[in-house]
Amino acid sequence: MDRPSPESSPHESSILRGLGLQTLSTLGLRAFQLGALLLTTAGLARVLGPREFGAYSYASSWLSLLAGFATAGFTHASVREVAQSLALAEYTDTRSHIRTAYVTTLAASLLVVATVLVASGILFAEGAGMARAASIGAALTPLLAMIMVAQAVLRGQGHTGRAQAAELLVLPGLMLLATVWLSLAGPTWRTADGALCLYGACLLGALVIGVALQRRALPAEVRRGAARFDKKWIVAALPFVLVLVSLTVSAQFDVLTVGEVLGARETGVYAFAARLSMLPAIVMTVIATPLSPAIAALFARREGAALQRLVGTAALGGAFGSIVVGVAVIVGAPWVMRSIDPTFEAGRGALLILCLGRVGEAWFGPAGTVLAMTRHAWPAGVAVAAGALVSIALNLLLVGTHGIEGAAYATAGSCLLRGAVMWYWVRRFEGVRASAIEALLSVARREPKPHADRLPPS
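The paragraphs below set out a description of the structure included in this document. Owing to the predicted nature of the structure, the values given are computational and were not obtained by experimental measurement. (Residues numbered from 1 in each chain as written. Predicted model: local features only at pLDDT ≥ 70, side-chain atom pairs only at ≥ 80, totals over all residues. Heavy atoms only, no water.)

1. Looking at the overall build of the protein
Along the backbone of the protein there are 17 helices and 0 strands. The buried share among the 458 residues of the protein stands at 57%. Look at the contacts in the protein between residues 6 or more apart in sequence, and 86% of them connect residues 24 or more apart. Accessible surface, the protein as shown: approximately 18,300 Å² in total, 67% of it carbon and sulfur. (Helix = DSSP H or I, 4+ residues; strand = E, 2+ residues; numbered from the N terminus. Buried < 20%, exposed > 50% of the residue type's maximum accessible area, 1.4 Å probe, protein only. Contact = heavy atoms within 4.5 Å. Areas by Shrake-Rupley, 256 points an atom, 1.4 Å probe, with all protein chains shown as cover.)

And the structure:
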(Lines give C-alpha, C1' and ligand atoms only; values in the text may rest on other atoms or scores of the structure.)
Protein backbone atom coordinates (compact mmCIF):
# COMPACT_ATOMS: atom_id res chain seq x y z
CA MET A 1 0.00 0.00 0.00
CA ASP A 2 1.12 3.54 -0.69
CA ARG A 3 2.29 5.64 2.20
CA PRO A 4 -0.28 8.10 3.49
CA SER A 5 0.16 11.83 3.24
CA PRO A 6 -0.47 14.21 6.11
CA GLU A 7 -2.89 16.06 3.81
CA SER A 8 -6.38 14.87 3.05
CA SER A 9 -8.72 15.51 0.12
CA PRO A 10 -12.23 16.95 0.56
CA HIS A 11 -13.54 13.43 -0.03
CA GLU A 12 -11.38 12.08 2.80
CA SER A 13 -12.40 14.94 5.07
CA SER A 14 -16.03 14.10 4.38
CA ILE A 15 -15.38 10.46 5.26
CA LEU A 16 -13.62 11.44 8.49
CA ARG A 17 -16.42 13.82 9.46
CA GLY A 18 -19.02 11.15 8.78
CA LEU A 19 -17.00 8.61 10.72
CA GLY A 20 -16.62 11.07 13.58
CA LEU A 21 -20.36 11.71 13.77
CA GLN A 22 -21.11 7.99 13.63
CA THR A 23 -18.51 7.34 16.30
CA LEU A 24 -20.12 9.95 18.54
CA SER A 25 -23.55 8.40 18.04
CA THR A 26 -22.09 4.98 18.77
CA LEU A 27 -20.37 6.39 21.84
CA GLY A 28 -23.66 7.79 23.10
CA LEU A 29 -25.44 4.48 22.57
CA ARG A 30 -22.56 2.58 24.15
CA ALA A 31 -22.57 4.93 27.11
CA PHE A 32 -26.25 4.21 27.64
CA GLN A 33 -25.67 0.48 27.21
CA LEU A 34 -22.76 0.47 29.65
CA GLY A 35 -24.67 2.46 32.22
CA ALA A 36 -27.68 0.18 31.88
CA LEU A 37 -25.43 -2.90 31.89
CA LEU A 38 -23.60 -1.84 35.03
CA LEU A 39 -26.87 -1.07 36.81
CA THR A 40 -28.37 -4.35 35.58
CA THR A 41 -25.31 -6.36 36.57
CA ALA A 42 -25.15 -4.73 39.98
CA GLY A 43 -28.90 -5.15 40.47
CA LEU A 44 -28.90 -8.80 39.45
CA ALA A 45 -25.83 -9.53 41.57
CA ARG A 46 -27.50 -7.97 44.60
CA VAL A 47 -30.95 -9.52 44.04
CA LEU A 48 -29.78 -12.99 43.02
CA GLY A 49 -26.68 -13.28 45.23
CA PRO A 50 -23.32 -14.76 44.16
CA ARG A 51 -24.61 -18.33 43.67
CA GLU A 52 -27.70 -17.58 41.53
CA PHE A 53 -25.86 -14.79 39.72
CA GLY A 54 -23.13 -17.31 38.92
CA ALA A 55 -25.70 -19.69 37.39
CA TYR A 56 -27.20 -16.80 35.41
CA SER A 57 -23.75 -15.75 34.14
CA TYR A 58 -22.92 -19.34 33.23
CA ALA A 59 -26.13 -19.61 31.17
CA SER A 60 -25.50 -16.22 29.54
CA SER A 61 -22.04 -17.38 28.49
CA TRP A 62 -23.55 -20.43 26.85
CA LEU A 63 -26.07 -18.22 25.03
CA SER A 64 -23.34 -15.93 23.69
CA LEU A 65 -21.23 -18.89 22.65
CA LEU A 66 -24.05 -20.62 20.78
CA ALA A 67 -25.17 -17.41 19.06
CA GLY A 68 -21.68 -17.18 17.55
CA PHE A 69 -22.24 -20.54 15.85
CA ALA A 70 -25.83 -19.75 14.92
CA THR A 71 -25.12 -16.55 12.98
CA ALA A 72 -23.03 -18.62 10.54
CA GLY A 73 -20.58 -15.75 10.11
CA PHE A 74 -23.10 -13.25 8.74
CA THR A 75 -22.58 -10.74 11.56
CA HIS A 76 -19.28 -9.80 9.93
CA ALA A 77 -19.91 -10.90 6.34
CA SER A 78 -23.08 -8.82 6.02
CA VAL A 79 -21.25 -5.63 6.99
CA ARG A 80 -18.60 -6.18 4.32
CA GLU A 81 -20.79 -7.57 1.54
CA VAL A 82 -23.65 -5.09 1.91
CA ALA A 83 -21.27 -2.12 2.12
CA GLN A 84 -19.29 -3.20 -0.93
CA SER A 85 -22.31 -4.10 -3.07
CA LEU A 86 -24.01 -0.78 -2.27
CA ALA A 87 -20.77 1.12 -3.02
CA LEU A 88 -20.77 -0.53 -6.47
CA ALA A 89 -24.59 -0.12 -6.92
CA GLU A 90 -25.13 -3.89 -7.10
CA TYR A 91 -28.63 -3.85 -5.61
CA THR A 92 -29.66 -7.37 -6.60
CA ASP A 93 -26.65 -8.80 -4.79
CA THR A 94 -27.49 -6.67 -1.76
CA ARG A 95 -31.04 -7.99 -1.49
CA SER A 96 -29.97 -11.58 -2.17
CA HIS A 97 -27.29 -11.43 0.50
CA ILE A 98 -29.76 -10.11 3.09
CA ARG A 99 -32.25 -12.87 2.35
CA THR A 100 -29.55 -15.54 2.50
CA ALA A 101 -28.26 -14.16 5.80
CA TYR A 102 -31.63 -14.35 7.54
CA VAL A 103 -32.62 -17.78 6.20
CA THR A 104 -29.24 -19.34 6.97
CA THR A 105 -29.07 -17.86 10.47
CA LEU A 106 -32.54 -19.08 11.40
CA ALA A 107 -31.82 -22.60 10.17
CA ALA A 108 -28.43 -22.71 11.90
CA SER A 109 -29.94 -21.40 15.14
CA LEU A 110 -32.52 -24.17 15.33
CA LEU A 111 -29.90 -26.79 14.51
CA VAL A 112 -27.53 -25.50 17.21
CA VAL A 113 -30.26 -25.41 19.87
CA ALA A 114 -31.43 -28.94 19.07
CA THR A 115 -27.89 -30.34 19.11
CA VAL A 116 -26.89 -28.70 22.38
CA LEU A 117 -30.06 -29.58 24.26
CA VAL A 118 -29.74 -33.23 23.22
CA ALA A 119 -26.17 -33.26 24.56
CA SER A 120 -26.94 -31.10 27.62
CA GLY A 121 -26.11 -33.89 30.06
CA ILE A 122 -22.55 -33.93 28.74
CA LEU A 123 -22.00 -30.22 28.12
CA PHE A 124 -23.56 -28.44 31.08
CA ALA A 125 -22.16 -28.29 34.60
CA GLU A 126 -24.28 -29.86 37.33
CA GLY A 127 -25.10 -28.37 40.71
CA ALA A 128 -26.76 -25.17 41.94
CA GLY A 129 -29.24 -25.25 39.05
CA MET A 130 -26.53 -24.50 36.48
CA ALA A 131 -27.58 -27.17 33.95
CA ARG A 132 -31.22 -26.05 34.03
CA ALA A 133 -30.24 -22.39 33.62
CA ALA A 134 -27.89 -23.24 30.75
CA SER A 135 -30.72 -25.08 28.96
CA ILE A 136 -32.91 -21.98 29.17
CA GLY A 137 -30.05 -19.84 27.90
CA ALA A 138 -29.44 -22.20 24.96
CA ALA A 139 -33.12 -22.04 23.97
CA LEU A 140 -32.81 -18.26 23.54
CA THR A 141 -30.10 -18.61 20.86
CA PRO A 142 -32.30 -17.88 17.78
CA LEU A 143 -33.47 -14.57 19.24
CA LEU A 144 -29.96 -13.25 19.91
CA ALA A 145 -28.58 -14.56 16.59
CA MET A 146 -31.28 -12.82 14.54
CA ILE A 147 -30.73 -9.53 16.41
CA MET A 148 -27.03 -9.71 15.55
CA VAL A 149 -27.70 -10.29 11.85
CA ALA A 150 -30.24 -7.44 11.62
CA GLN A 151 -27.64 -5.14 13.18
CA ALA A 152 -24.94 -6.26 10.74
CA VAL A 153 -27.15 -5.60 7.70
CA LEU A 154 -27.95 -2.09 8.92
CA ARG A 155 -24.25 -1.38 9.59
CA GLY A 156 -23.47 -2.43 6.04
CA GLN A 157 -25.99 0.10 4.79
CA GLY A 158 -24.13 2.81 6.69
CA HIS A 159 -26.81 3.32 9.37
CA THR A 160 -24.47 2.82 12.31
CA GLY A 161 -26.61 4.49 14.98
CA ARG A 162 -29.85 2.89 13.84
CA ALA A 163 -28.15 -0.50 13.53
CA GLN A 164 -27.20 -0.52 17.18
CA ALA A 165 -30.52 0.71 18.56
CA ALA A 166 -31.89 -2.77 19.22
CA GLU A 167 -28.73 -4.07 20.92
CA LEU A 168 -27.49 -0.95 22.69
CA LEU A 169 -30.69 0.95 23.48
CA VAL A 170 -33.76 -1.28 23.43
CA LEU A 171 -32.32 -4.46 24.94
CA PRO A 172 -30.36 -2.80 27.81
CA GLY A 173 -33.33 -0.55 28.59
CA LEU A 174 -35.73 -3.49 28.74
CA MET A 175 -33.29 -5.47 30.89
CA LEU A 176 -32.92 -2.57 33.28
CA LEU A 177 -36.69 -2.39 33.67
CA ALA A 178 -36.81 -6.17 34.11
CA THR A 179 -34.16 -5.97 36.84
CA VAL A 180 -36.14 -3.31 38.68
CA TRP A 181 -39.24 -5.50 38.45
CA LEU A 182 -37.24 -8.50 39.63
CA SER A 183 -36.06 -6.61 42.73
CA LEU A 184 -39.69 -5.90 43.61
CA ALA A 185 -41.03 -9.36 42.79
CA GLY A 186 -41.34 -12.24 45.20
CA PRO A 187 -38.60 -14.79 45.93
CA THR A 188 -40.00 -17.15 43.29
CA TRP A 189 -38.63 -14.93 40.54
CA ARG A 190 -35.33 -14.15 42.27
CA THR A 191 -33.53 -17.07 40.67
CA ALA A 192 -31.27 -17.57 37.67
CA ASP A 193 -34.16 -19.22 35.81
CA GLY A 194 -36.49 -16.30 36.47
CA ALA A 195 -33.90 -13.77 35.34
CA LEU A 196 -33.27 -15.76 32.15
CA CYS A 197 -36.97 -15.89 31.31
CA LEU A 198 -37.13 -12.12 31.65
CA TYR A 199 -34.04 -11.83 29.46
CA GLY A 200 -35.78 -13.92 26.80
CA ALA A 201 -38.76 -11.55 26.79
CA CYS A 202 -36.38 -8.60 26.39
CA LEU A 203 -34.60 -10.33 23.49
CA LEU A 204 -37.91 -10.87 21.71
CA GLY A 205 -38.83 -7.19 22.04
CA ALA A 206 -35.42 -6.09 20.77
CA LEU A 207 -35.63 -8.50 17.81
CA VAL A 208 -39.00 -7.15 16.65
CA ILE A 209 -37.72 -3.57 16.77
CA GLY A 210 -34.36 -4.42 15.17
CA VAL A 211 -35.87 -6.22 12.18
CA ALA A 212 -38.41 -3.42 11.68
CA LEU A 213 -35.63 -0.80 11.64
CA GLN A 214 -33.58 -2.84 9.19
CA ARG A 215 -36.49 -3.27 6.75
CA ARG A 216 -37.40 0.42 6.85
CA ALA A 217 -33.81 1.46 6.14
CA LEU A 218 -33.47 -0.50 2.88
CA PRO A 219 -32.87 1.76 -0.15
CA ALA A 220 -35.73 1.83 -2.64
CA GLU A 221 -33.57 0.13 -5.28
CA VAL A 222 -32.93 -2.78 -2.96
CA ARG A 223 -36.59 -3.09 -1.93
CA ARG A 224 -37.71 -3.22 -5.57
CA GLY A 225 -35.06 -5.66 -6.69
CA ALA A 226 -35.37 -9.39 -7.07
CA ALA A 227 -34.04 -11.63 -4.29
CA ARG A 228 -32.73 -15.15 -4.31
CA PHE A 229 -31.12 -17.55 -1.89
CA ASP A 230 -27.55 -17.84 -3.11
CA LYS A 231 -25.05 -20.32 -1.70
CA LYS A 232 -22.15 -18.05 -2.67
CA TRP A 233 -23.02 -15.82 0.27
CA ILE A 234 -22.73 -18.80 2.61
CA VAL A 235 -19.30 -19.54 1.18
CA ALA A 236 -18.31 -15.89 1.63
CA ALA A 237 -19.44 -16.03 5.26
CA LEU A 238 -17.53 -19.20 6.15
CA PRO A 239 -14.31 -17.50 7.33
CA PHE A 240 -16.37 -15.23 9.54
CA VAL A 241 -17.78 -18.30 11.29
CA LEU A 242 -14.24 -19.02 12.42
CA VAL A 243 -13.75 -15.37 13.43
CA LEU A 244 -16.96 -15.03 15.40
CA VAL A 245 -16.89 -18.46 17.02
CA SER A 246 -13.25 -18.02 18.04
CA LEU A 247 -13.97 -14.57 19.47
CA THR A 248 -16.95 -15.93 21.37
CA VAL A 249 -14.96 -18.86 22.70
CA SER A 250 -12.23 -16.49 23.87
CA ALA A 251 -14.82 -14.29 25.56
CA GLN A 252 -16.79 -17.07 27.26
CA PHE A 253 -14.47 -20.02 27.86
CA ASP A 254 -12.95 -18.51 30.99
CA VAL A 255 -16.36 -18.13 32.64
CA LEU A 256 -17.39 -21.63 31.54
CA THR A 257 -14.15 -23.14 32.87
CA VAL A 258 -14.49 -21.39 36.21
CA GLY A 259 -18.05 -22.68 36.38
CA GLU A 260 -16.99 -26.24 35.63
CA VAL A 261 -13.96 -26.29 37.96
CA LEU A 262 -14.70 -23.89 40.83
CA GLY A 263 -18.50 -23.74 41.10
CA ALA A 264 -21.27 -21.15 41.05
CA ARG A 265 -19.95 -18.77 43.73
CA GLU A 266 -16.54 -18.29 42.14
CA THR A 267 -18.20 -18.03 38.73
CA GLY A 268 -20.28 -15.11 39.97
CA VAL A 269 -17.21 -13.32 41.35
CA TYR A 270 -15.16 -13.86 38.20
CA ALA A 271 -18.03 -13.06 35.82
CA PHE A 272 -18.56 -9.71 37.54
CA ALA A 273 -14.86 -8.84 37.19
CA ALA A 274 -14.83 -10.04 33.56
CA ARG A 275 -17.78 -7.82 32.67
CA LEU A 276 -16.12 -4.78 34.20
CA SER A 277 -12.90 -5.56 32.30
CA MET A 278 -14.75 -5.29 28.99
CA LEU A 279 -15.11 -1.53 29.46
CA PRO A 280 -11.62 -0.66 28.08
CA ALA A 281 -12.25 -2.91 25.06
CA ILE A 282 -15.51 -1.09 24.37
CA VAL A 283 -13.53 1.95 23.20
CA MET A 284 -12.13 0.13 20.17
CA THR A 285 -15.50 -1.51 19.56
CA VAL A 286 -17.14 1.91 19.44
CA ILE A 287 -14.58 3.10 16.90
CA ALA A 288 -14.60 -0.10 14.81
CA THR A 289 -18.39 -0.13 14.44
CA PRO A 290 -18.62 2.74 11.92
CA LEU A 291 -15.06 2.03 10.73
CA SER A 292 -15.95 -1.38 9.22
CA PRO A 293 -18.26 -0.26 6.38
CA ALA A 294 -15.99 2.74 5.69
CA ILE A 295 -12.98 0.45 5.23
CA ALA A 296 -14.98 -1.91 3.02
CA ALA A 297 -16.12 0.97 0.78
CA LEU A 298 -12.62 2.50 0.51
CA PHE A 299 -11.14 -0.90 -0.31
CA ALA A 300 -13.76 -1.50 -3.01
CA ARG A 301 -12.81 1.86 -4.60
CA ARG A 302 -9.05 1.15 -4.15
CA GLU A 303 -8.41 4.33 -2.11
CA GLY A 304 -5.32 3.18 -0.27
CA ALA A 305 -3.91 6.36 1.26
CA ALA A 306 -7.32 7.39 2.60
CA LEU A 307 -7.71 3.95 4.14
CA GLN A 308 -4.33 4.21 5.87
CA ARG A 309 -5.11 7.61 7.33
CA LEU A 310 -8.47 6.39 8.56
CA VAL A 311 -6.94 3.34 10.25
CA GLY A 312 -4.17 5.41 11.89
CA THR A 313 -6.66 7.87 13.33
CA ALA A 314 -8.81 5.03 14.66
CA ALA A 315 -5.77 3.30 16.20
CA LEU A 316 -4.77 6.38 18.18
CA GLY A 317 -8.29 7.01 19.42
CA GLY A 318 -8.74 3.40 20.51
CA ALA A 319 -5.37 3.13 22.25
CA PHE A 320 -5.55 6.28 24.34
CA GLY A 321 -9.25 5.88 25.03
CA SER A 322 -8.71 2.36 26.34
CA ILE A 323 -6.05 3.61 28.77
CA VAL A 324 -8.36 6.27 30.18
CA VAL A 325 -11.24 3.85 30.63
CA GLY A 326 -8.97 1.10 31.99
CA VAL A 327 -7.55 3.37 34.70
CA ALA A 328 -11.05 4.50 35.66
CA VAL A 329 -12.22 0.90 35.97
CA ILE A 330 -9.26 -0.21 38.06
CA VAL A 331 -9.62 2.76 40.41
CA GLY A 332 -13.39 2.66 40.75
CA ALA A 333 -14.04 -1.09 40.75
CA PRO A 334 -13.23 -1.75 44.45
CA TRP A 335 -15.89 0.74 45.55
CA VAL A 336 -18.43 -0.77 43.16
CA MET A 337 -17.67 -4.27 44.42
CA ARG A 338 -17.96 -3.29 48.08
CA SER A 339 -21.21 -1.46 47.52
CA ILE A 340 -22.84 -4.52 45.93
CA ASP A 341 -21.49 -7.36 48.04
CA PRO A 342 -18.07 -7.70 49.73
CA THR A 343 -17.84 -11.18 48.21
CA PHE A 344 -17.13 -9.65 44.79
CA GLU A 345 -13.95 -7.94 46.07
CA ALA A 346 -12.22 -11.29 45.61
CA GLY A 347 -12.19 -10.50 41.88
CA ARG A 348 -9.97 -7.40 42.11
CA GLY A 349 -6.79 -9.22 41.09
CA ALA A 350 -8.47 -10.86 38.12
CA LEU A 351 -9.92 -7.51 37.07
CA LEU A 352 -6.47 -5.85 37.01
CA ILE A 353 -4.99 -8.64 34.87
CA LEU A 354 -7.90 -8.58 32.44
CA CYS A 355 -7.82 -4.79 32.05
CA LEU A 356 -4.10 -4.86 31.23
CA GLY A 357 -4.73 -7.47 28.55
CA ARG A 358 -7.60 -5.48 27.01
CA VAL A 359 -5.58 -2.24 26.91
CA GLY A 360 -2.57 -4.03 25.43
CA GLU A 361 -4.68 -5.48 22.64
CA ALA A 362 -6.11 -2.04 21.82
CA TRP A 363 -2.59 -0.74 21.09
CA PHE A 364 -2.29 -3.18 18.19
CA GLY A 365 -5.05 -1.14 16.54
CA PRO A 366 -8.07 -2.18 14.42
CA ALA A 367 -6.05 -4.73 12.45
CA GLY A 368 -8.78 -7.36 12.65
CA THR A 369 -11.32 -4.95 11.20
CA VAL A 370 -9.00 -4.15 8.30
CA LEU A 371 -8.40 -7.83 7.55
CA ALA A 372 -12.08 -8.71 7.67
CA MET A 373 -13.20 -5.78 5.50
CA THR A 374 -10.48 -6.22 2.83
CA ARG A 375 -11.31 -9.84 2.00
CA HIS A 376 -8.67 -11.36 4.25
CA ALA A 377 -11.17 -12.93 6.61
CA TRP A 378 -9.43 -16.31 6.65
CA PRO A 379 -6.17 -14.90 8.11
CA ALA A 380 -8.24 -12.94 10.62
CA GLY A 381 -10.07 -16.13 11.52
CA VAL A 382 -6.81 -18.03 11.98
CA ALA A 383 -5.45 -15.27 14.24
CA VAL A 384 -8.58 -15.24 16.38
CA ALA A 385 -8.65 -19.04 16.46
CA ALA A 386 -5.05 -19.09 17.66
CA GLY A 387 -6.01 -16.76 20.49
CA ALA A 388 -8.99 -18.97 21.32
CA LEU A 389 -6.84 -22.10 21.42
CA VAL A 390 -4.38 -20.36 23.74
CA SER A 391 -7.29 -19.26 25.93
CA ILE A 392 -8.65 -22.81 26.11
CA ALA A 393 -5.27 -24.36 26.88
CA LEU A 394 -4.28 -21.80 29.51
CA ASN A 395 -7.67 -21.87 31.20
CA LEU A 396 -7.54 -25.63 31.50
CA LEU A 397 -4.00 -25.42 32.88
CA LEU A 398 -4.33 -22.44 35.23
CA VAL A 399 -7.86 -22.33 36.65
CA GLY A 400 -7.43 -25.45 38.76
CA THR A 401 -4.16 -24.23 40.29
CA HIS A 402 -4.52 -20.42 40.32
CA GLY A 403 -8.28 -19.99 40.57
CA ILE A 404 -9.94 -16.99 38.96
CA GLU A 405 -6.59 -15.23 38.54
CA GLY A 406 -5.53 -18.16 36.35
CA ALA A 407 -8.57 -17.57 34.14
CA ALA A 408 -7.64 -13.89 33.92
CA TYR A 409 -4.05 -14.67 32.88
CA ALA A 410 -5.35 -17.04 30.20
CA THR A 411 -7.77 -14.52 28.76
CA ALA A 412 -5.32 -11.60 28.85
CA GLY A 413 -2.66 -13.72 27.13
CA SER A 414 -5.04 -14.74 24.37
CA CYS A 415 -6.03 -11.09 23.78
CA LEU A 416 -2.40 -10.02 23.34
CA LEU A 417 -1.59 -12.92 21.01
CA ARG A 418 -4.67 -12.26 18.89
CA GLY A 419 -3.84 -8.58 18.52
CA ALA A 420 -0.20 -9.24 17.63
CA VAL A 421 -0.96 -11.84 14.96
CA MET A 422 -3.61 -9.70 13.27
CA TRP A 423 -1.30 -6.67 13.32
CA TYR A 424 1.42 -8.73 11.61
CA TRP A 425 -0.87 -10.10 8.93
CA VAL A 426 -2.48 -6.79 8.02
CA ARG A 427 1.04 -5.44 7.41
CA ARG A 428 1.89 -8.48 5.32
CA PHE A 429 -1.25 -8.67 3.16
CA GLU A 430 -2.22 -5.01 2.70
CA GLY A 431 0.76 -3.02 3.94
CA VAL A 432 -1.46 -1.15 6.38
CA ARG A 433 0.21 0.11 9.55
CA ALA A 434 -2.58 -0.53 12.02
CA SER A 435 -0.99 -0.14 15.47
CA ALA A 436 -1.11 2.99 17.60
CA ILE A 437 2.69 3.01 17.91
CA GLU A 438 3.05 3.12 14.11
CA ALA A 439 0.43 5.87 13.91
CA LEU A 440 2.39 7.93 16.45
CA LEU A 441 5.64 7.40 14.52
CA SER A 442 3.92 8.33 11.27
CA VAL A 443 2.71 11.61 12.75
CA ALA A 444 6.18 12.31 14.15
CA ARG A 445 7.87 11.66 10.80
CA ARG A 446 5.29 13.64 8.80
CA GLU A 447 5.76 11.32 5.85
CA PRO A 448 5.72 12.87 2.35
CA LYS A 449 2.65 12.76 0.15
CA PRO A 450 2.54 9.63 -2.03
CA HIS A 451 2.45 9.78 -5.85
CA ALA A 452 -0.56 7.46 -6.01
CA ASP A 453 -3.61 6.81 -3.95
CA ARG A 454 -4.55 3.36 -5.10
CA LEU A 455 -4.30 0.00 -3.46
CA PRO A 456 -2.23 -2.63 -5.25
CA PRO A 457 -4.19 -5.66 -6.45
CA SER A 458 -5.05 -7.94 -3.52
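Past the structure itself, the notes keep going.
2. Quick notes on the nonpolar core
In a soluble, globular protein the nonpolar side chains are often hidden away together inside. Grouped together as the largest cluster of nonpolar side chains are 117 residues, with contacts concentrated most on Tyr56 and Tyr270. It is helix H12 (residues 264–300) that contributes the most residues to this core, 18 residues altogether. Among residues more than four places away in sequence, those in contact with Tyr56 are Leu44, Leu48, Met175, Ala192, Ala195, Leu196, Tyr199 and Arg275. (Core = buried A, V, L, I, M, F, W, Y, C linked by side-chain atoms within 4.5 Å.)

3. Quick notes on the pattern of salt bridges
Evaluated as defined, the whole model comprises 4 salt bridges. Where Glu345 meets Arg338, a salt bridge forms, and the shortest distance between an N and an O atom there is 3.5 Å. One salt bridge connects Glu361 with Arg418, and the closest N-O pair in it is separated by 2.8 Å. Residue Glu361 is found in helix H14 (residues 348–362), and its partner Arg418 is found in helix H16 (residues 377–430); the two are separated by 57 residues along the sequence. Assessed through its relative accessible area of 7%, Arg418 is described here as buried. (Salt bridge = Lys/Arg side-chain N within 4 Å of Asp/Glu carboxyl O.)

4. With respect to the packing of helix H13 (residues 304–340) against H14
Helix-helix packing is described using two parameters, namely the angle between the two axes and the distance between the axes. The N-to-C vectors of H13 and H14 enclose an angle of 170°; their axes lie 9 Å apart at closest approach. On the basis of the axis angle, H13 is roughly antiparallel to H14. Taking contact as the criterion, the partners of Gly318, Ala319, Ser322, Ile323, Val329, Ile330, Ala333, Pro334 and Met337 in H13 are, on H14, Arg348, Leu351, Leu352, Cys355, Val359 and Ala362. The residue inventory of the contact of H13 with H14, partitioned by class, reads 12 nonpolar, 2 polar and 1 charged. (Axes fitted to C-alpha atoms, helices over the stretch in contact; angles between N-to-C directions. Parallel < 35°, antiparallel > 145°, perpendicular 65-115°, else oblique. Nonpolar A, V, L, I, M, F, W, Y, C, P; charged D, E, K, R; others polar.)

5. Quick notes on the environment of Leu316
Tracing the backbone through its elements, the reader meets Leu316 in helix H13. For Leu316 and Met284, which are 32 residues apart along the polypeptide, the C-alpha to C-alpha distance reads 9.9 Å. Ignoring sequence-local partners within four residues, the contact set of Leu316 consists of Ala436, Ala439 and Leu440.

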